[in-house]
Amino acid sequence: MSLTKSLTDLKGDNEKISLTTDPSPVGNSNGGDAFEHMDAAAKYLAENEGKYEPMSETEMKKMVRKTDLFLIPVLLITATMGAVDKVALGTAAIFGLRTDNNLVGQQYSWLSTILFIGSLVGMWPMSYLIQRYKLGKVIGMCSLTWSSLTLLLCACHNFGGLAAIRFLMGFVECAIVPGCSLMVSVFYVKHEIPHRTAIVFIFMSSVINGALSALASTFGNHIPTWKYIFILIGSVSVVWSV
């Protein structure tokens, strides 16, 4: 079939066809430099083009449902536990954190502010890491790090220690929003993303923080209750991260 005939057959009344003499790298695993510079997903598509039948609409819906059942709860709990670590400071203050750490003036307010300063400082390096390395591992390591820092809050006895740990928590926790958003965009097409992102960031932190704090208040007076709160929340977060 001639090129002219092919274009005539393909082109409709309101269609436009653009031509290029450059070979497409997709579908040609021997394309040299173009193939070598593809990312892993594009290479997989190029190497396996034509080997499998296209998925039916029923199969696509089944695949999306399976992804929903696994991925969305994992991201939801990870994001929520990160938010719980943040709001636990307010509950701890009710149970004596300010008195035991000799906080005066605006020091308690600064403990809330400095977390967001840490997030601002950490945004660039965290954004680089979630694009440079495996996304799931980066989010998991960040979750484990901020959970461990939550446990370390129990060892603080002054404003300096609390402020340093809160800054570091903000530094690693800033990976939550871009990391989870990127993870959703990897597994879903454009029209599937908005409502799933809304579910991930629903942040049930106040409910969970209230429940864990109420539980911590029943542990007795061997150590201050505010330390029990951080131990409980940090332990749950560490177990989830692992």
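Residues numbered from 1 in each chain as written. Predicted model: local features only at pLDDT ≥ 70, side-chain atom pairs only at ≥ 80, totals over all residues. Heavy atoms only, no water.

(A) View of the packing of aromatic side chains. Considering all chains together, one arrives at two aromatic pairs under this definition. Aromatic pair Trp124 and Tyr128: ring centres 6.1 Å apart, planes at 10 degrees, arrangement stacked. Here Trp124 and its partner Tyr128 are both found in helix H6 (residues 107–132), four residues apart, which amounts to about one turn of the helix. For Trp124, a relative accessible area of 66% puts it in the exposed group. On the accessibility criterion, Tyr128 (42% relative accessible area) is partly exposed. (Phe/Tyr/Trp six-rings, centres within 6.5 Å; stacked < 30°, edge-to-face > 60°. Helix = DSSP H or I, 4+ residues; strand = E, 2+ residues; numbered from the N terminus. Buried < 20%, exposed > 50% of the residue type's maximum accessible area, 1.4 Å probe, protein only.)

(B) Molecular detail of the environment of Thr67. Note that Thr67 resides in helix H4 (residues 57–94). Considered as a pair, Thr67 and Tyr188 are 121 residues apart in the sequence and their alpha carbons are 9.0 Å apart. Sequence-distant contacts of Thr67, that is, excluding residues within four places in its chain, are made with Ile72, Phe187 and Tyr188. There is a polar contact of 2.9 Å between the side chain of Thr67 and the backbone oxygen of Met63. (Contact = heavy atoms within 4.5 Å. Polar contact = N/O pair within 3.5 Å; in protein donor to acceptor, adjacent residues only side chain to side chain.)

(C) Structural detail: the packing of helix H9 (residues 176–187) against helix H10 (residues 193–200). With their axes 10 Å apart at the nearest point, H9 and H10 run at an angle of 145 degrees to one another. The crossing of H9 and H10 is right-handed. Every residue of H10 that contacts H9 at Cys180, Val184 and Ser185 is listed here: Ile193, Arg196, Thr197 and Val200. Along the lines of polarity and charge, the residues of the contact of H9 with H10 split into four nonpolar, two polar and one charged. (Axes fitted to C-alpha atoms, helices over the stretch in contact; angles between N-to-C directions. Left-handed = near helix turned anticlockwise from the far one by under 90°. Nonpolar A, V, L, I, M, F, W, Y, C, P; charged D, E, K, R; others polar.)

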